[in-house]
Amino acid sequence: MELNGKVAVVTGGTRGVGAGIARALAEAGARVTVCARRPPPTPVPYAAYRPLDVRDGDAVRAFFAGLDRLDVLVNNAGGAPYRPLDRADAERHARVIELNLLAPLTVSLAAHAHLRRTGGSIVMIGSVSGDRPSPGTAAYGAAKAGLASLARSMAVEWAPRVRVNTLVVGMVRTELSHLHYGDADGVEAVARTVPLGRLADPADVGAAAVFLASDAASYISGASLLVHGGGERPAFLDAATAHHDDHGDHDHHRQET
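Residues numbered from 1 in each chain as written. Predicted model: local features only at pLDDT ≥ 70, side-chain atom pairs only at ≥ 80, totals over all residues. Heavy atoms only, no water.

(A) Structural context of the sheet that holds strand β7 (residues 224-227). Taken together, 7 strands build an open sheet; the order of strands is β3-β2-β1-β4-β5-β6-β7 and the sheet is parallel. Of all the strands in the sheet, the pair left with one neighbour each is β3 (47-51) and β7. Strand-to-strand, the axes of this sheet are offset by a mean angle of 20°, without reference to chain direction. Pairing analysis gives 3 bridges linking strand β1 (residues 7-11) to strand β4 (residues 72-75), with the strands arranged parallel. By the bridge assignment, A8 is partnered in β4 with V72. (Pairing = 2+ DSSP bridges. Helix = DSSP H or I, 4+ residues; strand = E, 2+ residues; numbered from the N terminus. Axes fitted to C-alpha atoms, helices over the stretch in contact; angles between N-to-C directions.)

Below you can see the structure in the form of structure tokens.
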């Protein structure tokens with residue numbers, strides 16, 4: 001899964017998941033540029049930084065027009081604050097959709113000519129919020145659902161020259177985890193709900209991005225790769241009053257639909 005000689009751009013790559021992806025691409029041999037509205041809190045020796053607001057179509061087109069080459073695009077920029085639907089107007093929710101769905105489309109279109117010339121790859125950073133209810137971040141979940149659909153259509157339209165895939169990411173431990181899960185005890189409690197027993201590290205997402213961008217995934221396009229530690233334990237298992245022994249001898253009593 002080497003990327004020697006490849007040129008990569010990671011949007012929103014200055015911290016958290018984006019920084020983990022940028023580092024993994026660089027360690028695999030790629031020459032990486034990260035772009036975001038604000039510079040990284042500390043210099044990143046493994047990547048160049050360029051200021052860019054991915055919601056500004058003119059700026060995005062100028063950025064990619066100035067590149068000599070591009071092999072890998074990672075559409076990572078995104079996110080949303082906790083905001084119940086009825087506590088904001090539609091315009092505010094629309095801005096979340098703009099950042100998480102329309103901006104990746106804008107960026108991908110601007111990068112398309114480069115990627116077509118190099119036979120490149122796009123990696124969309126999706127979310128499990130796009131596959132399940134997302135109370136408090138409903139617009140974000142809707143945007144991520146749309147992003148996965150966009151990637152599948154893009155993979156068909158731009159084949160065979162450009163591969164397009166989505167990483168469907170679960171909960172990740174970053175410098176901002178406390179904003180979502182609370183203090184250390186809260187983070188640990190949330191981690192226990194994950195079958196693998198921990199939140200993802202940005203490096204876990206980075207490794208998956210390297211795979212999809214590399215020749216090891218040369219026949220993978222239009223796919224969604226789950227990076228969520230096994231998902232979530234179904235709530236009904238903890239709510240049910242029936243008990244089963246450790247060997248599952250009573251599994252024949254279960255009823256599933």
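Next comes the rest of the description.
(B) Focus on the pattern of salt bridges. Enumeration according to the criterion identifies 6 salt bridges in this entry. The partner of R61 in a salt bridge is D58, and the shortest N-O contact between them spans 3.0 Å. In this pair, R61 and D58 both sit in helix α2 (residues 57-65), 3 residues apart, roughly one turn of the helix. Assessed through its relative accessible area of 47%, R61 is described here as partly exposed. For the salt bridge of R233 with D238, the shortest nitrogen-to-oxygen distance reads 3.0 Å. (Salt bridge = Lys/Arg side-chain N within 4 Å of Asp/Glu carboxyl O. Buried < 20%, exposed > 50% of the residue type's maximum accessible area, 1.4 Å probe, protein only.)

(C) Structural context of the packing of helix α1 (residues 16-27) against helix α7 (residues 202-213). Packing of α1 against α7 brings their axes to within 7 Å, and their N-to-C directions diverge by 50°. In terms of axis orientation, α1 runs oblique to α7. For the pair α1 and α7, the sense of crossing is right-handed. Listed contacts from α7 to G16, V17, G20, I21, A24 and L25 of α1 are P202, V205, G206, A207, A209 and V210. Classifying every residue of the contact of α1 with α7 gives 9 nonpolar, 3 polar and no charged. (Parallel < 35°, antiparallel > 145°, perpendicular 65-115°, else oblique. Left-handed = near helix turned anticlockwise from the far one by under 90°. Contact = heavy atoms within 4.5 Å. Nonpolar A, V, L, I, M, F, W, Y, C, P; charged D, E, K, R; others polar.)

(D) Quick peek at the nonpolar core. V10, I21, L25, V32, V74, L167 and V205 are the most contacted members of the largest nonpolar core, which has 33 residues in total. Secondary-structure elements contributing two or more residues to this core are β1, α1, β2 (31-36), β4, β5 (121-127), β6 (163-169) and α7. When near neighbours in sequence (up to four residues on either side) are disregarded, V205 contacts V17, I21, L167, V169, V172 and V227. Counting residues in each nonpolar core, the second largest holds 25 residues, with F64, M124, M154 and W158 among its members. (Core = buried A, V, L, I, M, F, W, Y, C linked by side-chain atoms within 4.5 Å.)

(E) Fine view of the side chain of S214. Within the secondary structure, S214 sits in the loop between α7 and β7. Judged by its relative accessible area of 1%, S214 falls in the buried class. Polar contacts involving the side chain of S214 include one to the main-chain carbonyl oxygen of F211, which spans 2.9 Å. Look past the residues within four positions of S214 in its chain and what remains in contact with it is M1, E2, L3 and R163. (Polar contact = N/O pair within 3.5 Å; in protein donor to acceptor, adjacent residues only side chain to side chain.)

(F) Spotlight on the packing of aromatic side chains. Here the structure, examined in full by the defined rule, presents 1 aromatic pair. Judged by centre distance (4.9 Å) and plane angle (90°), the rings of F63 and F64 are edge-to-face. What makes F63 buried here is its relative accessible area of 4%. Assessed through its relative accessible area of 1%, F64 is described here as buried. (Phe/Tyr/Trp six-rings, centres within 6.5 Å; stacked < 30°, edge-to-face > 60°.)

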